[in-house]
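Below are the chains, spelled out letter by letter.
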Amino acid sequence: EVPSQRPSTSLSPSVAPTGNPSTRPSMSLSPSLAPSSEPTVDPYPENPVPSSPKSGYFNYNPSDDIYGPDNWSSIRASDTDEYKYWSEFAKYIDSSMDVDINFCGQTVRFKNPKGHPYTQSPINVTPQNKKHCNEYHQIRDRAGDWRLDDVEVEKQFLGSKLRIVYPRRTGLEPDPPNADIPLGWQKQMDVVHIDIKVPSEHQLNGTSYEAEYQIFIMSTAGRGAAAISILIDTHNRPRENAQFKLLLDAFKMLFISDYSDCLAKKRLNIPRGRKLENILFEEEIRNLLSDDEDRQTEDHLPFEDLLDSYLDKKRRRRQEIHPDCLFGNVTDGLDPCTSEGFWDPWHKDDIMRSFWFYAYDGSLTEPPCYPFVGWRIVDTPMLISRKQLNDLRKLIFLHQTGECVPTSNQYGHSVARPLLSNKGVEIHRCTCLDFLSDMERDANPKIDTCPVERFCEYHECAPPV
């Protein structure tokens, strides 16, 4: 073919015309179609199943016919990490429940010592059967004596969650966080650990949330564990949740420490003093580790040395605590051994923003799914920033050990067990119609509950029918 018309001769073309017409479209100030977008890269790709998975391995891939949720029941209970963890409390677990059984695939109901049916968790929590709340006071919590950066408070990256493990009580002091749970549980039971999962496992009236924060308390009277679940949502304001920031900071330090060990294992040639490339959170943690009085002398340190310096300070701080606090010899009711700046896992403004909750008897949410958990789902979510949610995801999904082994078993950016049926489950909701906060009752001892017309002053939803 030849061009349909000759090129203009008013100007000499810089390049002689070819024998074929150009296929380039004519230039336009406003292109009719937007340019094609770059292919998206998954920021949190799933880790492949290990070539030789350890006994008890599981994941959240619904298509995995061996390790996925539909096949968790085939895992031997004694091979699981949760079996090993809860064996510490075996003497406190109802003796009628065989801990060598994996309950994940059980469809029959089991009953607790009071004859109430258990079910498998998580579920959509809604008072579908209108079971009455017979709990008569708020969860009476105490913060305890520990700070998150105390070396005795163990921070763990597990495949399915972040976990904070508190030191067990060995005397009168120091105190772990503790709580008095209503409805016949013991008074001031100790918190054993806190789990954080993404996204939420429970639904609240059909709504899923960005994450879930679960405080586990162990009864020593044979009732099993009480779990206080606080759902996590995000807000659009730039302000960060101050208490949750402390939690994230503690895990970021461990995240980077493990990553630094991994780099050393790989024998990477990083000149002394040079900033390590592509390490998540490094700048944030460098600022956290260098307090004002040490910053001038520590800013020049390589990151690994800065971590070592920080841990040495923590060890020294622990050694300086009064020995009476370590050996339980203090009986002062004012609790003089409380750490300065202790971390409150129940913080009323930032974490546990309501006194009221939904409740049911259920199970652990991963193998072996033991059905000994009395769940309390707080009716108001914790609020964090979008950045904090993204940091939480990075911590859970991208962590690797000091041996360079990825830890997460997530699938589709989730370490939440798929929702299970709530059909026939006895769920009750406690509101201000059942009890007011202790502070309000103390201020006016003659008033124990709120009138219906004031319900919405205390709750974010309409009064129950």
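Before reading on, note that the structure itself is shown above.
Residues numbered from 1 in each chain as written. Predicted model: local features only at pLDDT ≥ 70, side-chain atom pairs only at ≥ 80, totals over all residues. Heavy atoms only, no water.

A.B. asks: Describe the overall build of the chain, with residues and values.
C.D. replies: Looking only at helices and strands, the chain has nine helices and 13 strands in total. Counting only residues that meet the buried cut, the chain has 48% of its 465 residues in that class. Contacts spanning at least 24 positions in sequence make up 70% of the contacts within the chain whose residues lie at least 6 apart. Counting only carbon and sulfur atoms, one obtains 51% of the accessible surface of the chain, whose full area is about 24,700 Å². (Helix = DSSP H or I, 4+ residues; strand = E, 2+ residues; numbered from the N terminus. Buried < 20%, exposed > 50% of the residue type's maximum accessible area, 1.4 Å probe, protein only. Contact = heavy atoms within 4.5 Å. Areas by Shrake-Rupley, 256 points an atom, 1.4 Å probe, with all protein chains shown as cover.)

A.B. asks: Explain unusual backbone geometry to me, using residue names and the numbers behind them.
C.D. replies: When glycine is set aside, most residues are seen to have a negative phi, and most peptide bonds are trans. Between serine 121 and proline 122 the backbone carries a cis peptide bond, its omega angle lying at 5°. Checked against the element boundaries, proline 122 lands in the loop between α1 (81-86) and β1 (124-125). Geometrically, the link from valine 198 to proline 199 is a cis peptide bond, its omega value of -10° lying close to zero. Of note, the phi angle at cysteine 369 is positive, near 55°, even though the residue is not glycine.

A.B. asks: Residues and numbers for the pattern of salt bridges, please.
C.D. replies: Considering all chains together, one arrives at 24 salt bridges under this definition. In this structure, the salt-bridge partner of lysine 54 is aspartate 81, at a minimum N-O distance of 2.9 Å. Taken together, the residues lysine 54 in the segment before α1 and aspartate 81 in helix α1 connect sequence positions 27 residues apart. According to the relative accessible area criterion, lysine 54 is exposed, its value standing at 52%. Judged by relative accessible area, aspartate 81 falls into the partly exposed class, the value being 43%. (Salt bridge = Lys/Arg side-chain N within 4 Å of Asp/Glu carboxyl O.)

A.B. asks: Can you break down the state of the cysteines residue by residue, with the values?
C.D. replies: Under the defined criterion, the tally for this structure stands at four disulfides. Each disulfide pairs two cysteine sulfurs, and for cysteine 104 the partner residue is cysteine 369, the sulfurs being separated by 2.1 Å. Residues cysteine 104 and cysteine 369 share a disulfide whose torsion about the S-S bond is about 85°; that sign makes it right-handed. Here cysteine 369 lies in the loop between β10 (357-362) and β11 (373-378) and cysteine 104 lies in the loop between α1 and β1, a separation of 265 residues in the sequence. A single burial state applies to cysteine 104 and to cysteine 369, both of which are buried. Each sulfur of the disulfide joining cysteine 432 and cysteine 450 lies 2.1 Å from the other. Around the S-S axis, the bridge from cysteine 432 to cysteine 450 shows a dihedral of about 50° and counts as right-handed. Remark: cysteine 450 occurs in the loop between α8 (438-443) and α9 (455-458) and cysteine 432 occurs in the loop between β13 (428-430) and α8; sequence separation between them is 18 residues. (Disulfide = S-S within 2.5 Å.)

A.B. asks: Pulling in residues and values, what's your account of helix α7 (residues 386-398)?
C.D. replies: Counted at 1.5 Å a residue, the expected span for α7 with its 13 residues is 18 Å, and the 18 Å between its end C-alpha atoms agrees. For α7, the set of buried residues is Gln388, Leu389, Asp391, Leu392, Arg393, Leu395, Ile396 and Phe397. (Expected span 1.5 Å × (residues − 1).)

A.B. asks: Any details on the pairing of strand β4 (residues 161-165)? Residues and values, ideally.
C.D. replies: On any regular strand, side chains alternate: one points to one face of the sheet, the next to the other face. Counting buried residues along β4, five of its five residues qualify, which places the element largely inside the surrounding structure. Taking every second residue as pointing to the same face, both faces of β4 are buried, with Lys161, Arg163 and Val165 on one and Leu162 and Ile164 on the other. As paired strands, strand β3 (residues 154-158) and β4 are joined by five bridges and run antiparallel to one another. Bridge pairing in β4 links phenylalanine 157 to leucine 162. In this antiparallel pair of consecutive strands, β3 and β4, the connection spans two residues. (Pairing = 2+ DSSP bridges.)

A.B. asks: Could you give me a rundown of the packing of helix α2 (residues 242-265) against α7, with the residues and numbers involved?
C.D. replies: The contact between α2 and α7 brings their axes to 11 Å, and the two run at 35°. Of the two elements, α2 crosses α7, and the hand of that crossing is left-handed. Residues Phe244, Lys245, Leu248, Phe251, Lys252 and Phe255 of α2 form the contact with α7, whose own contacting residues are Lys387, Gln388, Asp391, Leu392, Lys394, Leu395 and Leu398. For the contact of α2 with α7, the per-class residue count stands at seven nonpolar, one polar and five charged. (Axes fitted to C-alpha atoms, helices over the stretch in contact; angles between N-to-C directions. Left-handed = near helix turned anticlockwise from the far one by under 90°. Nonpolar A, V, L, I, M, F, W, Y, C, P; charged D, E, K, R; others polar.)

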